[in-house]
Amino acid sequence: MTQPQVGMPQQYNSAPVSLPSRKPAITTLIIGLVVLFLVAPVTFFGLLFAKTGASFDDLVESDGATYRVENGDEITVGELGIAHLEVTPTTDRATCALVKDGESTGLIKDDLDEFDEGPATSTTFAALGVDPGVYKIDCQDLPDGAQLAVSDSAFTESIVEAGFIAFVWGSVAGIIGIVLTIAGTIWVVVVNRQRSRLYRYQGVRY
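The notes below deal with the structure included here. (Residues numbered from 1 in each chain as written. Predicted model: local features only at pLDDT ≥ 70, side-chain atom pairs only at ≥ 80, totals over all residues. Heavy atoms only, no water.)

Below, the discussion takes up the packing of aromatic side chains. The way to describe two aromatic rings as a pair is by their centre distance and the angle between their planes. Scanning the model with the defined rule gives 2 aromatic pairs in all. Ring centres of F44 and F45 lie 5.0 Å apart, and the angle between their planes is 85 degrees; on these two criteria the pair is classed as edge-to-face. Look at F44 and you get partly exposed, because its relative accessible area is 24%. Within the aromatic cluster, the residues linked to one another by ring pairs are F44, F45 and F49. (Phe/Tyr/Trp six-rings, centres within 6.5 Å; stacked < 30°, edge-to-face > 60°. Buried < 20%, exposed > 50% of the residue type's maximum accessible area, 1.4 Å probe, protein only.)

Written out as structure tokens, the structure is:
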């Protein structure tokens with residue numbers, strides 16, 4: 001009969017360690033990052049362009065949303081009540097208003113290009129909350145040779161409406177991305193701790 005040798009450690013057979021998989025956690029983390037940094041921006045800009053039917057240049061260039069008018073012309077104010085009139089060159093004395101059925105709605109004056117290094121080139125007259133309808137432009141004390149332009153009401157309102165819808169859905173996608181990213185990160189940490197405990201329990205080194 002063979003006796004075990006003194007001082008030699010005895011070998012024990014143990015079942016293979018069954019470690020929890022990190023794949024679902026890592027997949028969740030990756031999906032969260034993709035949704036946050038790819039899907040959310042694409043959703044926002046995609047809806048913005050789709051709803052307005054505008055190009056990128058139309059959105060960044062004011063000329064894409066204005067058209068020339070003359071003092072005394074009629075313009076239409078849409079449902080959002082946005083009125084915008086641009087006078088070139090700049091003027092300190094001029095005043096402008098919108099007239100409908102004998103009632104006048106004054107426009108607030110401000111110089112454009114105030115953030116540019118050079119001097120302002122135009123003066124803008126604007127108002128919010130104007131009742132929808134057709135108005136006559138009534139400007140006084142305009143400089144000689146002044147050119148007037150108004151914002152395309154339908155274009156402006158489509159941008160505002162589309163911007164709101166795009167912001168809502170883009171925010172929803174962004175929030176989902178953040179939640180998935182946080183959940184995936186926590187899941188990865190938890191799984192790694194579980195795997196570490198099992199390694200130590202079985203006496204297995206990394």
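Here the focus is the side chain of T28. Looking at the secondary structure, you find T28 in helix α1 (residues 23-52). Using a relative accessible area of 18% as the deciding quantity, one classes T28 as buried. For T28, the residues in contact, after removing those within four places along its chain, are L180, G184 and W187. (Helix = DSSP H or I, 4+ residues; strand = E, 2+ residues; numbered from the N terminus. Contact = heavy atoms within 4.5 Å.)

Turning our eyes to something else, we now look at the pairing of strand β7 (residues 123-127). Taken across its 5 residues, β7 has 4 buried, putting it largely inside the fold. Judged from the 5 bridges that link them, strand β3 (residues 83-88) and β7 form a sheet pairing that is antiparallel. The residue of β7 that forms the bridge with V87 is T123. (Pairing = 2+ DSSP bridges.)

With that settled, the discussion passes to the state of the cysteines. According to the stated counting rule, one finds 1 disulfide in the structure shown. Across the disulfide, C96 is cross-linked to C139 (sulfur-sulfur distance 2.1 Å). Handedness here is read from the sign of the S-S torsion; for C96 and C139, about 115 degrees, the answer is right-handed. Of this pair, C96 sits in strand β4 (residues 95-100) while C139 is found in strand β8 (residues 133-140), placing the two residues 43 residues apart along the sequence. The burial state of C96 is the same as that of C139; both residues are buried. (Disulfide = S-S within 2.5 Å.)

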